[in-house]
Amino acid sequence: SASEEAQSESAVVLTKDKTARPQFVYNPDSISEDSVAGEKRYGAAQSGAADPVVAAVGSTVVVRGRISGVYYTFIGGTAWTQADLRVTESLKGTLAAGDIISVYFPGGYASTADYAGYYGAQDGETGSDASFYRFSVDLLAPPAQGDEDLLFLIQRPGSAIPEGAYSLSRGAYSVYSFSADAQSLEGAGGQYSYSELRQLIRRGA
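Engineer: What should I look at first to understand the confidence of the model for the chain in this one?
Structural biologist: Low pLDDT means the predicted atomic positions in that stretch should not be read closely. Per-chain confidence: the chain averages 89 in pLDDT, with 90% of residues scoring 70 or above. Predicted confidence is poor over residues 2-14, with pLDDT under 50, and the contacts of this stretch with residues over four places away or in other chains come to zero contacts.

Below, the structure is given as C-alpha cells:
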C-alpha cells in the first residue's frame, strides 16, 4: 500500500543517519571573538609516517564527503569539534554514499569554567560559562561547514568520544581537502591528484 511504501522509504532514510551526539554541545551563538579569553595549542595530532598507504591500512573507513554541521564539546579534558559528514564516496569500509557520520577532530572551544573545573582554578579564577578558550592543533585546520574532504577514519570502542562516532586514524595526516576544481587534494600528508590518491588508498585497503 502507499502507506507501507512511505514507511519503508522513511526507514531507508533513517538508516542513513549514523551520527552520534555528545552529552552536551556549546551554544555556537555564545562563541565569538569577543568571548575568546585565550588560545591553547595541542601538539601534532599524530607523529610518524604520513604515507596515505599507511593511513589506509590503519583506517576502518576512508571516505569523501561534505561537512553538513559543526559542534563544539569538551570531553575528558579535551576540546573536540564534532563534524557531521555526508558521505559522497566510500573508498574503504562499509559506509555508502548518503550516509551521515560524526567525525571527531581534536581542537575547538571549551568554556573557561569547564576548563577550570577539570584542571583546577588558576590564580583563583574559576572561569565563566560565557568565556572560552580556543584550541588549535598543529598541522590541522579546524573543520568548517561546507568543507569537502577526504578522510581516513577509525572507530575506537571505549574511547572518550560518543559510541558510533569516528576519529582521525592518523591525526593531522588523515585529512585531505579538495581544490576548487575537485581534481586535486592537499593535506599535512602532501598534495596529490584525486586519481593518484585513490590508487594509493586501494593499495592500503
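Alright, that's what it looks like, and here's the rest.
Engineer: Is there a simple way to think about the packing of aromatic side chains in this case?
Structural biologist: How two aromatic rings sit relative to each other is given by the distance of their centres and the angle of their planes. One pass over the full model with this rule turns up 13 aromatic pairs. An angle of 65 degrees between the planes, with centres 5.9 Å apart, marks the rings of F152 and Y176 as edge-to-face. Note that F152 is positioned in strand 8 (residues 148-154) and Y176 in strand 10 (residues 175-178), a separation of 24 residues in sequence. We note that F152, like Y176, is buried. Both rings, one in F178 and one in Y194, keep their centres 5.2 Å apart while their planes meet at 70 degrees; by these two values the pair is edge-to-face. Taken together, the residues F178 in strand 10 and Y194 in helix 4 (residues 194-204) connect sequence positions 16 residues apart. For the pair F178 and Y194, a shared accessibility class is recorded, and that class is buried. Taken together through their ring pairs, the aromatic side chains of Y42, F74, Y115, Y118, Y119, Y133 and F135 make up a single cluster. Cation over ring: R21 sits above Y71, and NZ or CZ is 4.8 Å from the ring centre. Just above the ring of F178 sits the side chain of R64; from NZ or CZ to the centre is 4.1 Å.

Engineer: Would you explain the layout of surface pockets in this entry?
Structural biologist: It is a probe the size of a water molecule, rolled over the atoms, that shows where empty space is left. Of the volumes computed, that of the largest pocket is approximately 200 Å³. Sorting the residues of the lining of the largest pocket by element identifies strand 6 (108-111) and strand 7 (132-137) as the ones contributing at least two each. Among the elements that take part in the lining of the largest pocket, strand 7 stands out by supplying four residues, more than any other. The class makeup of the residues in the lining of the largest pocket is nine nonpolar, four polar and one charged. Quantified by volume, the second largest pocket comes out at close to 170 Å³. Lining of the second largest pocket is provided by 14 residues; of these, L140, A141, D149, V175 and S177 occupy positions nearest its centre. Here the lining of the second largest pocket is composed, by residue class, of nine nonpolar, two polar and three charged.

Rules and cut-offs
Residues numbered from 1 in each chain as written. Predicted model: local features only at pLDDT ≥ 70, side-chain atom pairs only at ≥ 80, totals over all residues. Heavy atoms only, no water. pLDDT = per-residue confidence, 0-100. Contact = heavy atoms within 4.5 Å. Phe/Tyr/Trp six-rings, centres within 6.5 Å; stacked < 30°, edge-to-face > 60°. Helix = DSSP H or I, 4+ residues; strand = E, 2+ residues; numbered from the N terminus. Buried < 20%, exposed > 50% of the residue type's maximum accessible area, 1.4 Å probe, protein only. Lys NZ or Arg CZ within 6 Å of the ring centre and 35° of its normal. 1 Å grid on protein atoms, 1.4 Å probe; cavity = no way out; pocket = protein on both sides within 12 Å on 5 of 7 lines; lining within 4 Å. Points joined across faces, edges and corners; volume = space filled by probe spheres on them. Nonpolar A, V, L, I, M, F, W, Y, C, P; charged D, E, K, R; others polar.

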